[in-house]
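Overview (structure and organization)
Now for the letters of each chain:
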Amino acid sequence: MESRNRAKEFESSLMESRNRVKEVESSLLESRNKVKEVESLLMESRNREKELEAISESKSESWSKKENIYHIFTDFQLGALRELRFASQSIQQEIVRTKKSYLEGFSTLGSRIKVLDDAAKNYYSLLAENRKLHNELQELKGNIRVYCRIRPFLPGQKGKQSIVEHIGENGELIVVNPAKQGKEGRRSFKFDKVYGPTATQAEVFSDTQPLIQSVLDGYNVCIFAYGQTGSGKTYTMTGPDGATEEDWGVNYRALNNLFRISQSRQSSFTYEVSVQMVEIYNEQVRDLLSSDVLVFLDLHTLGILSTAKASGLAVPDASVQAVNSTSDVLELMDIGLKNRAKSSTALNERSSRSHSVVSIHARGVDLKSGSSLRGSLHLVDLAGSERVDRSEVTGDRLKEAQHINKSLSALGDVIFALSQKNAHVPYRNSKLTQVLQSSLGGQAKTLMFVQLNPDVSSYSETLSTLKFAERVSGVELGAAKSSKEGRDVRELMEQVASLKDTIAKKDDEIETLQLHKDPKNAV
């Protein structure tokens, strides 16, 4: 029984153990289920963690990019700020420098304005001083100048022998006498300027141009051409018929220059310009701009020697035409040239038988002071000088030649008297010298063009012309000084006396011919 009880107890204990095992198994199963749940949760948590890590990495990358962008932007902004700060400093420094420069500039400008103001106050005195210096320079060059121009051979004269052997750069000229050999056949001359046959009209005028300003400064200027018939006087003074601007002579170029200078001074001076044009034909003065060119002017009745000096006009009773431009003067000169006396001689088929004088009068008024200046430019084309026997003229032409040579001789007398500083200068001996008195004496400035024909057949006339011109170059007008010796003066006197004797002989010959021609006069 006891063993049964023990067996029952054992069974009971076994049952309890079994129950306990079941309970343990149940608990273990439950634990396993919980572990599975935990593992599931852990797996889910790991997945979530991975998701979160992925999200975190994505956000981290995004933030890194944003941070990088931010850093770049911040760096750019900082750089821009630094540049802006530097630019600002530079601008400030530039402003300081500019301000300083402006202050210095204003100070300098003020000084310059003061200088300009002082200069403006002294402008008129400086202008007057400039005019004075210009004319003193012209006086130092000589108030009477002699320019020699050698005419080229004309078409059809090619191959002819020239008497000109040498032309120097400083006015030297050597001519050769074909009839003599060696040194005896050579003669040397010295002038202010010598132009060869190839010289252009522009080159000839370039040395004349400074005298034109003197006219507007209140001086009288005379420019004339001297030489035998056919030596090119009219070409030099006027140019060929229908000349283009390139071929203009001294007359036209001088007028053009005169108006150009007057226009350049219009801020300080106002100018009135007028023109006269006369010819001296057979010792009679004729107004070439008058509607009646056959009317001659009586200089003695007009009292030209006193009236001309007071009025500034070459011939007070001659027509005076106001002009405003070069073209105005050219039109008047064309009218005058058509009315000028011309005829044919053996030396020139279109020989000018009179002396023509174009006078341009300029009156300038100083706009500030109201004072006035008067100057005149006399452009003279002398009739040809030659021996009567060579020109082969007779009758009226012979009488013309006589008057031409007589007036040129009178011009020589006047120049000789000026060279000797004689108290009496014989201006009244010729209508030519009366008309030119205001431009030959005193402080007047005179330019003589000596025209030469280089042909061998004209040697004697050329030599006579050169001797006359050489003596003229020694004349003293006003402040211009003579550099000639006493021997030259004696030779000039001898030449003038010889010319007078020749003219007197020709006068006697003419009177004899007239007596033979008209028997009534012989009775």
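Predicted model only: the values in this text are computed from it and were never measured. (Residues numbered from 1 in each chain as written. Predicted model: local features only at pLDDT ≥ 70, side-chain atom pairs only at ≥ 80, totals over all residues. Heavy atoms only, no water.)

What follows concerns the packing of aromatic side chains. Here the structure, examined in full by the defined rule, presents six aromatic pairs. Between Tyr 147 and Tyr 195, the aromatic rings sit 6.1 Å apart at their centres with planes inclined by 80 degrees, giving edge-to-face as the arrangement. Within this pair, whereas Tyr 147 is found in strand S1 (residues 144-150), its partner Tyr 195 is found in strand S5 (residues 193-195), the two being separated by 48 residues in sequence. Taking the relative accessible area as the measure of exposure, Tyr 147 reaches 6% and is therefore buried. Considering the side-chain rings of Phe 189 and Phe 191, the 6.3 Å spacing of their centres and the 5 degrees angle between planes classify their relative orientation as stacked. According to the relative accessible area criterion, Phe 191 is buried, its value standing at 3%. The rings of Tyr 147, Tyr 195 and Phe 449 are connected pair by pair, giving a single aromatic cluster. (Phe/Tyr/Trp six-rings, centres within 6.5 Å; stacked < 30°, edge-to-face > 60°. Helix = DSSP H or I, 4+ residues; strand = E, 2+ residues; numbered from the N terminus. Buried < 20%, exposed > 50% of the residue type's maximum accessible area, 1.4 Å probe, protein only.)

Moving on, we get to helix H4 (residues 209-216). Extensive coverage of H4 is indicated by the burial of six of its eight residues. All buried positions along H4 are accounted for by Leu 211, Ile 212, Gln 213, Ser 214, Val 215 and Leu 216. One or two residues past the end of H4 sits Gly 218, with phi positive at roughly 95 degrees.

With that settled, the discussion passes to the packing of helix H6 (residues 250-264) against helix H9 (residues 326-339). In contact at an axis separation of 9 Å, H6 and H9 are set at 155 degrees when each is read in the N-to-C sense. Judged by the inter-axis angle, H6 sits roughly antiparallel to H9. Here the hand of the crossing between H6 and H9 comes out right-handed. Across from Asn 251, Tyr 252, Leu 255, Asn 256 and Phe 259 in H6, the residues of H9 making contact are Thr 326, Val 329, Leu 330, Met 333, Asp 334 and Leu 337. Residues of the contact of H6 with H9, tallied by class, amount to seven nonpolar, three polar and one charged. (Axes fitted to C-alpha atoms, helices over the stretch in contact; angles between N-to-C directions. Parallel < 35°, antiparallel > 145°, perpendicular 65-115°, else oblique. Left-handed = near helix turned anticlockwise from the far one by under 90°. Contact = heavy atoms within 4.5 Å. Nonpolar A, V, L, I, M, F, W, Y, C, P; charged D, E, K, R; others polar.)

Strand-to-strand pairing in sheets goes through backbone hydrogen bonds, with the strands running parallel or antiparallel. Taking strand neighbours across the sheet as the criterion, the three strands line up as S2-S3-S4 in an open arrangement whose pairing is antiparallel. With partners counted over all chains shown, the strands left at the sheet margins are strand S2 (164-167) and strand S4 (186-190), one partner each. Shown here is a sheet whose adjacent strand axes are inclined to one another by a mean of 15 degrees, direction ignored. Judged from the five bridges that link them, strand S3 (residues 172-176) and S4 form a sheet pairing that is antiparallel. Across the sheet, Val 176 pairs through a bridge with Arg 186, a residue of S4. (Pairing = 2+ DSSP bridges.)

Attention shifts here to the pairing of strand S7 (residues 269-281). By the criterion of burial, S7 is predominantly enclosed, with eleven of the 13 residues buried. Alignment of S7 against strand S10 (residues 321-323), held across three bridges, turns out to be antiparallel. Paired with Val 273 across the two strands is Val 323, which belongs to S10. In this sheet, strand S8 (residues 284-287) lies alongside S7 in antiparallel orientation, the contact comprising four bridges. Among the inter-strand pairings, Glu 279 is bridged to a residue of S8, identified as Arg 286. Counted between consecutive antiparallel strands, the loop separating S7 from S8 contains two residues, among which Asn 282 sits at a positive phi close to 50 degrees.

Among the secondary structure elements, Arg 151 is positioned in the loop between S1 and S2. No salt bridge is formed by the buried Arg 151, whose closest oppositely charged neighbour, Asp 455, lies at an N-O distance of 6.3 Å. Once residues lying within four places of it in the same chain are set aside, the contact partners of Arg 151 are Gln 157, Pro 197, Gly 230, Ser 231, Gly 232, Leu 452, Asn 453 and Pro 454. (Lys, Arg positive; Asp, Glu negative; His and termini not counted. Salt bridge = Lys/Arg side-chain N within 4 Å of Asp/Glu carboxyl O.)

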